[in-house]
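Structural overview
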Amino acid sequence: MPEYILLLNQPEAKFDHLSPEEIQSLIAKYSAWRDGLIKRNLLCGGNKLVDRTNRILRTENGKVLVTEGPFSESQEILGGYFIVEAPNYDEAVAIARTCPHLIDGQSIELRQIDITPPPTQH
Amino acid sequence: MTEPTTIPAPTQHPDQPAAQSIDQLVAHLFRREFGRIVSHLTRILGARHLDLAEDVVQHAMLQALNLWPFQGIPNHPKSWLTQVAYHRALDILKRDRRLDFCEDEGELELKAQLKPRPFHPPGEALHFTNEVADEQLSLIFVCCHPSLPRPASVALTLRVVCGFGIAEIARAYLSTEIAITQRLVRAKRTIRDQNIRFEVPGPTQLPDRLEAVLDVLYLLFTEGYAATTGDCLIKNDLCAEAIRLTTSLAENAVTAQPQVHALLALMLFQAARLPARTDAAGDLLLLEEQDRTLWDRSMIHKGLRHLGQAAHGDHLSTYHLQAELAAAHATTECFALTDWEHILTLYDLLRQMQPTPVVLINRAIALAQVEGPAAALDALESIPYDDHGQRYRLRHAAEGEFHRQLGNLPQARTFFQRALSCAQTDPERRFLERKLKSLQKNALRRDDEAKGDTSKGL
């Protein structure tokens with residue numbers, strides 16, 4: 001089955017002031033979503049990305065420039081990702097749609113992972 | 001950059017996620033753990049580091065929010081949270097120590113606790129229930145130290161002992177987050193400046209210190225119980241927390257004084273009535289209108305048991321009298337059987353010890369039942385007005401009711417309208433509007449009767 005990656009975007013430092021009760025309730029939501037996928041054998045993995053490790057490297061005139069990533073409050077940064085299996089892109093959208101990450105001010109970018117096998121050698 | 005913090009390794013490789021059940025997160029687990037870990041860290045590091053303890057536990061919980069969605073809930077969530085908090089505390093202590101170089105005792109103990117068991121430590125296995133309960137009590141005594149203003153103690157207790165968030169405290173007390181934050185900062189500074197110790201006070205200090213603690217717990221409870229303002233769910237939690245903490249005092253050999261049992265009994269009797277206090281639409285019901293079969297019998301029984309345990313020693317506290325009053329209502333089958341003379345006697349005693357407007361108004365209400373509305377009105381009129389707007393509502397509503405019973409309908413209307421203008425919640429407003437409407441009906445009926453009379457006379 002094709003694999004899809006859910007790239008979770010969020011503004012920085014959004015959760016600092018949550019209460020223990022609110023934190024627990026958010027975790028419970030993620031956990032329920034995750035458990036559902038695991039039961040259907042659709043979750044391949046996922047990870048949190050460490051905050052504030054977002055330097056951007058690019059070349060200009062052959063020289064590599066390293067800049068700090070977007071740190072302004074309004075800009076979204078990539079906070080983590082999930083990899084799921086789904087029969088097709090629409091099904092993957094359906095999975096992403098139910099992800100608890102989708103609250104106001106946050107977004108998910110959904111991409112199919114290209115796993116085209118290498119051509120067989122004769 | 002954020003501080004480097006050691007995070008326990010995930011229990012399984014993220015590529016092969018195992019099913020984790022959310023059942024592991026029992027209700028209020030994070031809130032409870034917040035208080036437990038803060039208490040424990042404060043015991044190790046001293047009350048002057050309460051701020052640090054609070055910060056690192058909040059940090060640990062945010063880390064859980066960061067990681068558990070991806071890694072699943074760990075097998076031992078409590079240990080995980082404890083460990084992350086301890087590591088964070090050590091990191092910060094190490095960073096700060098660069099200035100004064102020597103490791104302090106607390107830091108060493110913290111290290112020792114982290115060393116031998118890589119993943120299982122302080123959370124569950126190491127601690128006996130008693131130890132945890134004692135730490136929590138010590139923290140309560142720190143938060144409710146007599147040198148702190150009461151509102152500050154209430155907020156601090158809710159934050160560090162009960163694990164409420166700043167916004168939740170602000171919601172419960174109709175205050176702003178900034179105001180609550182400032183209150184907490186000032187309280188923690190006082191604790192540091194006065195070098196308040198993390199301990200359950202010894203026998204000589206106990207009476208004064210305990211009085212302050214009971215005061216705060218009672219404030220916490222009444223804020224939750226009062227159907228005045230603020231978020232309803234949070235308010236129920238305040239009652240539950242007040243009962244939980246008072247129970248912990250009642251279960252400790254040193255602090256289980258008669259007045260503690262009395263306060264606990266009072267809270268239990270009042271909380272037992274909570275389910276019957278509003279109707280299906282959320283409207284307030286008077287004691288007279290409540291369905292007493294909805295009262296929580298087991299709570300009332302518990303209350304009676306503690307009231308029995310309160311009957312020792314020679315000190316009669318206001319909590320004793322208030323608990324007796326609440327018991328009188330809680331153990332009466334129906335409103336008509338209420339022993340108002342007994343209740344009035346108790347209010348007379350309470351009035352001598354605590355002549356506050358609330359006590360005097362409630363006494364007048366009992367007096368109305370014994371001697372009638374005219375005597376009650378006289379009693380109400382002699383109560384001085386204070387600056388607490390909320391009490392006017394109760395007072396004006398009572399004045400309106402007594403006038404209604406005496407048939408002075410215009411005066412009754414005036415007072416109910418005054419009460420309405422001080423009302424703070426929708427159920428209260430609806431209650432008073434109902435009262436006003438029924439007055440109008442009565443007035444119309446009387447007009448009709450009067451007309452009928454005149455027509456007869458003609």
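The following paragraphs examine the structure supplied in this document.

What counts and how
- Throughout, residues of each chain are indexed from 1 in the direction in which the sequence is written.
- Written order decides the labels, with chains lettered from A and ligands numbered from 1.
- The model is predicted, so local features are restricted to residues of pLDDT at least 70 and side-chain atom pairs to those at 80 or more, both for listing and for counting; the totals for chains, interfaces and linings are taken over all residues.
- Remark: residues whose backbone-derived C-beta atoms lie within 7 Å of one another are considered to be in contact.
- Think of it this way: any DSSP run of H or I at least four residues long counts as a helix, any run of E at least two long counts as a strand, and we number them from the N terminus.
- Under the scheme applied here, ten amino acids are nonpolar (Ala, Val, Leu, Ile, Met, Phe, Trp, Tyr, Cys and Pro), four are charged (Asp, Glu, Lys and Arg), and all others, including Gly, are polar.
- Here a strand pair is declared whenever DSSP counts at least two bridges between the two strands.
- Only the contacting stretch of a helix is used when fitting its axis, a line to C-alpha atoms as for every element, and angles between N-to-C directions run 0 to 180 degrees.
- Roughly parallel means an angle under 35 degrees; roughly antiparallel means over 145; roughly perpendicular covers 65 to 115; every other angle is labelled oblique.
- Multiplying 1.5 Å by the residue count of a helix minus one yields the expected span of that helix.
- Bend angle per residue: angle between axes fitted to the 7 residues ending at that residue and the 7 residues starting there.
- With C-beta atoms placed from the backbone, a residue counts as buried when 20 or more other C-beta atoms lie within 10 Å of its own, as exposed when 12 or fewer do, and as partly exposed for counts between those limits.
- An arc is given here, and it is the one of the directions from the helix axis to the C-beta atoms.

With respect to the interface of chain A and chain B
At the junction of the two partners, chain A supplies 29 residues and chain B supplies 32 residues. Where the side of chain A that touches chain B is concerned, the elements lending two or more residues are α1 (20-39) and β2 (43-48) of chain A. A per-element tally of the side of chain A that touches chain B places α1 of chain A first, with 15 residues. Taken together, the residues of the side of chain A that touches chain B break down into twelve nonpolar, eight polar and nine charged.

What to know about the sheet that holds strand β1 (residues 3-11) of chain A
Read from one edge of the open sheet, four strands run β2-β5-β1-β6 (chain A), paired in antiparallel fashion. What marks the edges here is a single partner per strand, and that holds for β2 and β6 (107-113) of chain A. Across the sheet, the axes of successive neighbouring strands diverge by a mean angle of 20°, strand direction being ignored. For β1 of chain A and strand β5 (residues 76-85) of chain A, the ladder comprises nine bridges, and the chain directions are antiparallel. Among the inter-strand pairings, E3 of chain A is bridged to a residue of β5 of chain A, identified as E85 of chain A. Sitting on the sheet, helix α2 (residues 50-71) of chain B is in contact with β2 and β5 of chain A, with an inclination near 165° to β2 of chain A.

Brief notes about the packing of helix α6 (residues 150-161) of chain B against helix α8 (residues 177-193) of chain B
Residues and elements named next belong to chain B. One can describe the packing of α6 onto α8 by two numbers: an axis separation of 9 Å at closest approach and a directional angle of 95°. In terms of their interaxial angle, α6 and α8 are classed as roughly perpendicular. Each of P151, A152, A155, L156 and R159 in α6 lies in contact with α8, whose residues at this interface are I180, R183, L184, R186 and A187. A per-class count over the contact of α6 with α8 returns seven nonpolar, no polar and three charged.

Some remarks on α2 of chain B
Since the α-helix packs 3.6 residues into each turn, any two residues three or four apart lie on the same face. Residues and elements named next belong to chain B. When the terminal C-alpha atoms of α2 are compared, their 30 Å separation across 22 residues agrees well with the 32 Å that a helix rising 1.5 Å per residue should span. The principal kink in α2, of about 30°, is found at L65, preceding the proline P69 by one to four residues. Counting buried positions along α2 gives 17 out of 22 residues, so the element sits mostly inside the fold.

Some points on the pairing of β1 of chain A
Bridge count for β1 of chain A against β6 of chain A is seven bridges, and the pairing is antiparallel. When the bridges of β6 of chain A are listed, E3 of chain A appears paired with I113 of chain A.

What to know about helix α14 (residues 340-353) of chain B
Residue and element names in this part refer to chain B. Relative to the 20 Å expected for 14 residues at 1.5 Å per residue, α14 spans 20 Å between its end C-alpha atoms, a close match to the ideal helical length. Buried residues of α14: I343, L346, Y347 and L350, and no others. On an axial view of α14, the arc spanned by its buried residues comes to 100°, and they lie on one face. For α14, the exposed residues set more than 90 degrees away from the buried face come down to E341 and Q352. At its buried positions, α14 is contacted by α13 (318-330) and α15 (357-371).

Quick word on the environment of P87 of chain A
Residues and elements named next belong to chain A. Here P87 lies in the loop between β5 and α2 (89-97). The exposed category is assigned to P87, around which 10 C-beta atoms lie within 10 Å. Between the alpha carbons of P87 and P2 there is a distance of 6.3 Å; along the sequence they are 85 residues apart.

Overview of unusual backbone geometry
Residues and elements named next belong to chain A. Despite not being glycine, R52 has its phi angle at roughly 60°, a positive value. Of the residues examined, R52 has 14 C-beta atoms within 10 Å and is grouped as partly exposed. With phi around 50°, N61 is a residue other than glycine that occupies positive phi space. If you trace the backbone, N61 turns up in the loop between β3 (55-60) and β4 (63-68).

So far we have only geometry, and geometry alone does not tell us how the molecule works.
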